[in-house]
Amino acid sequence: LELLRMENAGGENEANCGNRHFLEVAHDVLLEKGPLHYKELAAELAERGSFIPGVRPEANLLTHIARDIRFVRVARGRYGLKEGHPAQGGKASEN
């Protein structure tokens, strides 16, 4: 029980997987797997040990990726990496 208290006492580090924020891990997952439904993405983050803070982690993940310019909504509930993002290896559209 004391070990659980110590693990949860991190405060600002709770949203990190090691020293990485859950959005960084989400970026890596989408880079590897392509677009995913946000619930699938949240499950993948949990499997990788990345903690998403909040009462409703899936909703918190959705809020964060919707505000981050690296991510784009590709269908209802599905998110991927923005086309032309340098980490994706694509070129920005020239329109």
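Everything quoted here is computed from the prediction, not taken from an experiment.

Description of the overall build of the protein chain
Next, step 1: Scanning the protein chain from terminus to terminus reveals four helices and five strands.
Next, step 2: Element order for the protein chain, N to C, with α for helix and β for strand: α-β-β-α-β-α-α-β-β.
Next, step 3: Burial analysis of the protein chain (95 residues in total) assigns 31% to the buried set.
Next, step 4: Nonlocal contacts in the protein chain, meaning residues at least 24 apart in sequence, comprise 47% of its contacts between residues at least 6 apart.
Next, step 5: Surface accessibility of the protein chain: about 6600 Å² in total, with carbon and sulfur atoms responsible for 50%.

Remarks on the pairing of strand β5 (residues 78-81)
Next, step 1: Where strand β3 (residues 36-37) lies against β5, two bridges are found, and the strand directions are antiparallel. Bridging across to β5, H37 finds its partner in R78.
Next, step 2: As judged from the four bridges shared by strand β4 (residues 71-75) and β5, these two strands associate in the antiparallel manner. Along β5, the bridge assignment pairs V72 with G80.
Next, step 3: Linking β4 to β5, which pair antiparallel, is a turn of two residues; within it G77 sits at a positive phi near 80 degrees.

Details of the side chain of D68
Next, step 1: With respect to the helices and strands, D68 occurs in the loop between α4 (57-67) and β4.
Next, step 2: Looking at D68, its side chain comes within polar contact range of the side chain of R70, at 2.8 Å.

Quick notes on the sheet that holds β3
Next, step 1: Here three strands make up an open sheet; going across it, the order is β3-β5-β4 and the pairing antiparallel. Edge positions in the open sheet fall to β3 and β4, since each of these has one partner strand only.
Next, step 2: Along the sheet, helix α2 (residues 22-33) contacts β3, β4 and β5; its crossing angle with β5, the most-contacted strand, is approximately 85 degrees.

Re the nonpolar core
Next, step 1: In terms of nonpolar packing, the biggest core is built from 16 residues, with L41, L45, L61, I65 and F71 touching the most fellow members.
Next, step 2: The set of elements that each furnish at least two residues to this core consists of α2, α3 (38-47), α4 and β5.

Re the environment of D28
Next, step 1: Relative to the elements of secondary structure, D28 occurs in helix α2.
Next, step 2: Separated by 17 residues in sequence, D28 and L45 have C-alpha atoms that sit 9.9 Å apart.

Conventions adopted
Every chain's residues receive numbers from 1 upward, in the order its sequence appears when written. Residues qualify for local features only when their pLDDT is at least 70, as the model is predicted, and side-chain atom pairs are given and counted only at 80 or more; totals for whole chains, interfaces and linings, by contrast, use all residues. Where side-chain values are given, they derive from all heavy atoms of the structure, hydrogens and water being excluded. Per the convention used, a helix needs a DSSP run of H or I reaching at least four residues, while a strand needs a run of E reaching at least two, with both numbered from the N terminus. Throughout this description, buried means an accessible area under 20% of the type-specific maximum (1.4 Å probe, protein chains only), exposed means over 50%, and partly exposed covers the range between. We call two residues in contact whenever any of their non-hydrogen atoms come within 4.5 Å of each other. All accessible-area figures derive from a Shrake-Rupley calculation using a 1.4 Å probe, and residue coverage is judged against the displayed protein chains alone. One requirement defines pairing of two strands: DSSP has to find at least two bridges between them. N or O atoms closer than or at 3.5 Å make up a polar contact, with two conditions inside protein: a donor-capable atom paired with an acceptor-capable one, and, for residues adjacent in sequence, both atoms drawn from side chains. The axes used here are C-alpha line fits, helices contributing only the stretch in contact, and every angle between their N-to-C directions lies in the interval 0 to 180 degrees. To form a nonpolar core, buried Ala, Val, Leu, Ile, Met, Phe, Trp, Tyr and Cys residues must be joined to one another through side-chain atoms within 4.5 Å.

So far we have only geometry, and geometry alone does not tell us how the molecule works.
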